[in-house]
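Structure assessment
Single-letter residue listing:
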Amino acid sequence: MFNFDGSTKRRNVNLSGRRNNLESREQLLHRAELERNRRKEAKLQDKSVRIIQSYIRTFLLRSHISLEFEKIWLHCGSDVTALNMFAFFCPNLVLKRDEAWLQVQLDHVSKLLLSSHGSISFLLRNALVEVLFKTSKQGRSPLPMLKLVNSLSHEFAIEWIQRKDLMEKLVDRLGENEELDLQVLKFTFNFRHNDMETFAMAFINIVQKANLNDEAKQLIREQFSRPSSFYLQLPNSLFFLYLLSVITIWKKYGGVENLDIFLAQELSSAVEKMQELKFCFENELSQDLSLNRDADLDGRKKLIITTGSKEALLYLYSPDYQTKISNLPNVSTEFLSNFYYSLLVPIDTGSPQNEEILNSLLISVVVNGLPHGILHYWLQQIVSSDIFRMEDGNWELNKPILTGCSVELWQTLHIFLDVYFYVLNMSSDSVIFDQDRGRLPRDEFLKVVSFLKGLCITLVLKDKELKPSLPSSTRVMYDKTLVVALKLLHQIYLRNLRLSFVSEEYWLCDLSLSIEQIVPVLYERDISISNNADFDLDPDTSEHLNLESDFSQLYGLNSTRYMKLPSSVLAALKVLKFLPFMFSFTTRATILHQLIRQSQEIRDTYGGMNRIQGTISRDNIIEDGFALLSKLTGEQLKNYLGIQFTNQFGAEAGIDGGGLTKEFLTETVKKGFATTNESGVEDLMLFKHSPRNEIYPNPALYLKRTKGVDVHKDLEMIRYLGSIVGKCLYEKILVDLPFSPFFLTRWSVNQPYKTMFDDLKYYDEDLFRNLNKLLSLNSDQVDALELNFTLTERFYYNGAFKTTTIMLLPNGANIPVTTANRLQYVFAVSNFKLYTSLRLQTDYFLQGLFKVIPSQWLEVFNPMELQILVSGRDRGIDISDLRKNTVFSEYTENDQTIIDLFDILEHDFSNEERSKFIRFVTSSSKAPLLGFSQLNPKFGVRNIGPFSDRLPSAFTCFNQLKLPDYGNRKVLKEKLLYAISSESGFDLS
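Rules used throughout
Residues numbered from 1 in each chain as written. Predicted model: local features only at pLDDT ≥ 70, side-chain atom pairs only at ≥ 80, totals over all residues. Heavy atoms only, no water. Helix = DSSP H or I, 4+ residues; strand = E, 2+ residues; numbered from the N terminus. Buried < 20%, exposed > 50% of the residue type's maximum accessible area, 1.4 Å probe, protein only. Contact = heavy atoms within 4.5 Å. Areas by Shrake-Rupley, 256 points an atom, 1.4 Å probe, with all protein chains shown as cover. Axes fitted to C-alpha atoms, helices over the stretch in contact; angles between N-to-C directions. Parallel < 35°, antiparallel > 145°, perpendicular 65-115°, else oblique. Left-handed = near helix turned anticlockwise from the far one by under 90°. Nonpolar A, V, L, I, M, F, W, Y, C, P; charged D, E, K, R; others polar. UniProt positions renumbered as here; feature names shortened; annotations may be inferred. Pairing = 2+ DSSP bridges. Salt bridge = Lys/Arg side-chain N within 4 Å of Asp/Glu carboxyl O. Patch = residues over 30% accessible without salt bridge, like charges linked within 9 Å, V, L, I, M, F, W, Y side chains within 5 Å.

Counting its regular elements, the protein chain contains 42 helices and 14 strands. Out of the 989 residues in the protein chain, the part that is buried amounts to 52%. For the protein chain, the share of sequence-separated contacts (at least 6 apart) that also reach a separation of at least 24 residues comes to 73%. Here the protein chain displays about 46800 Å² of accessible surface, and carbon together with sulfur accounts for 49% of that area.

Next up on the list: the packing of helix 19 (residues 407–425) against helix 20 (residues 442–466). In contact at an axis separation of 13 Å, helix 19 and helix 20 are set at 120 degrees when each is read in the N-to-C sense. Between helix 19 and helix 20, the crossing angle belongs to the class labelled oblique. Crossing of helix 19 over helix 20 shows left-handed handedness. For the pair helix 19 and helix 20, the contacting residues are L413, F416, L417 and Y420 in the first and F445, V448, F451, L452 and L455 in the second. Here the contact of helix 19 with helix 20 is built from residues that sort into nine nonpolar, no polar and no charged.

Bringing the UniProt feature "active site" (unreviewed entry) in the protein chain into the picture now. Mapped onto this structure's residue numbering, the UniProt feature "active site" (unreviewed entry) falls at C957. When you line up the elements, C957 lands in the loop between strand 13 (953–955) and strand 14 (960–963). Here C957 is in contact with G657, G658, G659 and P937, once residues within four sequence places are set aside.

Taken in spatial order, the three strands line up as 4-5-6 in an open sheet, and their pairing is mixed. Sheet topology places strand 4 (612–617) and strand 6 (650–651) at the edges, where each strand pairs with a single neighbour. Across six bridges, the pairing between strand 4 and strand 5 (residues 641–647) is parallel. Directly across from I616, in strand 5, lies its bridge partner F645. Contacts from helix 27 (residues 621–629) reach strand 4 and strand 5, with the element oriented near 160 degrees to strand 4.

When the charged atoms of two side chains with opposite charge come close together, those side chains can pair. What the rule picks out here adds up to 30 salt bridges. The salt bridge involving R498 is made with D758; its shortest N-O contact spans 3.4 Å. Linking R498 in helix 21 (residues 472–499) with D758 in the loop between helix 32 (741–745) and helix 33 (760–763), this pair joins segments that are 260 residues apart in sequence. Exposure remark for R498: the relative accessible area of 22% places this residue in the partly exposed category. Linking R618 and E652 is a salt bridge whose minimum nitrogen-to-oxygen distance equals 2.5 Å. Taken as a pair, R618 in the loop between strand 4 and helix 27 and E652 in the loop between strand 6 and helix 29 (659–672) lie far apart in primary sequence, 34 residues in all. Connected through shared salt-bridge partners, D429, R495, R498, D758, D759 and K761 make up one network.

Structurally, F888 is set in strand 11 (residues 886–889). F888 sits in the partly exposed class, given a relative accessible area of 25%. Each C-alpha atom of the pair F888 and I898 lies 9.2 Å from the other, and the pair is ten residues apart in sequence. The residues contacting F888, other than those within four sequence positions of it, are E893, I898, F902 and V941.

When strand 9 (residues 790–797) meets strand 10 (residues 800–807), the two strands line up antiparallel, connected through eight bridges. Along strand 10, the bridge assignment pairs T790 with M807. Two successive antiparallel strands, strand 9 and strand 10, enclose a turn made up of two residues, where N798 displays a positive phi of approximately 55 degrees.

A few words on a nonpolar patch on the surface. On the surface, a nonpolar cluster with roughly 420 Å² of combined accessible area is contributed by I52, I56, F59 and L60. Take L60: it is sitting in helix 1 (residues 25–73).

Written as structure tokens, this is what we have:
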């Protein structure tokens, strides 16, 4: 027997049974194993040789046949036979021949196909695709084959898998030369209607990579000259990326007629698709459009917007484009509503890019969409749903309504509320119900308020029961809707404080509130916060609100204690947190005073002896007070002060039992918040006053800081003055500080109160009037003003006034103000004046304030109520309340002098004189916030004897009037008037 190598294969057999040599068992086994391995290796070699010989024989056979094919190919008489021969053999030969050979073969195929008998068989079609695929894959130019395929495109129906793989290879070759890019573009368009997804993905890559010649540009114009509904059949995210690519190529290679209308029509028809997208900006310098196909928590797809596609996106969201669409002749409300809806849906707040796009779009909605009635259109969609028929307090009816709402309805509700929130912010009081400008009429507005109030109170109280019943895809949109609903309701409430379209009682809820049970929970929550003066005062508002989790964490409640709270207490705490205005101001002010009282009781118990002693010069009260108190913690600032005043003659007489502390705090406030000094230059002061004489931080500090000036000392002084205001609130000392509403709005850092355009009139009435006028000018008048997105601001430094240019938008100097973007300009100016230029100074002030009074204690008050807490009410002195809460020493309430005193106060004194009298005794010109019953110590009158020649005097630290028993009403009145007018008080006798 012979092997393939020619050797004989023999096997030795021992027939005698005798062993030639003796081996141990181990040696025998080892030798057997070696023999088995040798035979196994021999078999493998034998198998390998057989395989090699098979391949060689096949190769030799194919080579022989291919040579025969080449001999007869060009002279074959039968067209069908020739084409079939090409289809069978060419894919294997193409990689063995050069491109010139292939070109000859392809030319001949073209001639055969043009003949009367030529046709593309299934075999030939696959062969052409295979040749095209192989040439692309091997790095050879696919151009000749691609030209042939494009010329035969009407005959082709390539399988999806073939098409996708082939397109990937062709896309990889983009950018090599313009002719190849043209043919790839033709190939892509040829399969446009057969495989939309592959076409769209290929087209997106062509936009990014190809170098297109004039023929290619003309082809694109022809393809997009007429809208086609097939785009709506694309997957949602791919649909929008495709639209961006259309915009990109249009802007890059010249306009396509009616493309703007085409884009608007596609967006208006694609509401459902856009609901499932969410923009996500990619900050890396990537030119490739990519798509993260993993669903987000809310079930929407993240649409990655790269550097290459951002310009196209910004065009789609530009005021000019939206103005053009809004001004189309005969544009319908439904069309425009769906158009803006599709643009609004994918924008999630949180990133600077999204915020920029959203602000621009919302301005466009206000300017261009509202006049077409889109706000009313969206409202009607909500009104026609069951959610608008919820009933206050009827949870059994409301629960199935809320759980049955689709994610689309929550989305529509969210869009409507978000847009209306923006409309209110940008609308002055005079146009809030102007139907000609697209606002809701008063009756519809009041229906929205009623619905919104019921929705918010239901969601706040029943969130724990409702949310688990919602589908997972709905929960995130539910959270977003609740956030914007709370924001809008707060803004409507603030606007009502000025316009009074509903009564104060309208906002109140019928929940019972036990102050005794609530105060300990609130106090425990807030103690640690007040010691942290450096927390972020302006955090980014999260769009996702987990009511139960946020509430529990906010109130320091672990799960066990949270569950043990009585339901009534739990409900009251929730409303107090998220809808505080649903409890009366008196109730909330009482809670604040109880919190302060509890803190004072703890101070008196554990730290009453830690009095802060300090000597203060009357000529240097601000600087001495800063040195004494500015470095103290919040808990230290709550301790009693022991103030010793000095003047030019030395130390003044008197022991501080509270009166000197009051005088120190009120004088510090008076001088620290002064808005002018001897120089008359307002920019040198820490605070300014508005035309209404209301105080706010001086924006000059911000301007100086932007120019590199060190303002750290000024900011530290502002923080110190904030702590002084906090100390006054803590000690219930009313001070005459009329703050501007837009400044007070920032005090409620945990509530969604926002400054509005109308607040600008409290800052600068002339600027507010001029900006309002700008909104009413025609196009020529706006252009004539030659405005751009900059402001020129002036500040005083080093003995001279200096100017600085503020960019309201990036590159604002090169962005002219037009009728299309003037509302954006108005918004930018308002935002800079009321927020940006004041933010730093306000943050420092609030850090000082919140050292003493935790921010959560003040967040339940609106700006007007905060002003009352600081300065008291302006409703005058209630003499009957004063009489009921006065204690007498050596007098009785029936003594004639006491009867005369209160009669003079009530009937003879003016309001101003009554205020002077109260200031003379208590050092404050206003009654305590909750009445004289809250004055501590009580208001007292002490008889110092029948001295007709002595003037009344006062112990302000004990709120006590030392009144001689004049026995004559006329003398009493004269002496009182003289004493209170001289303001000498404590030492006068």
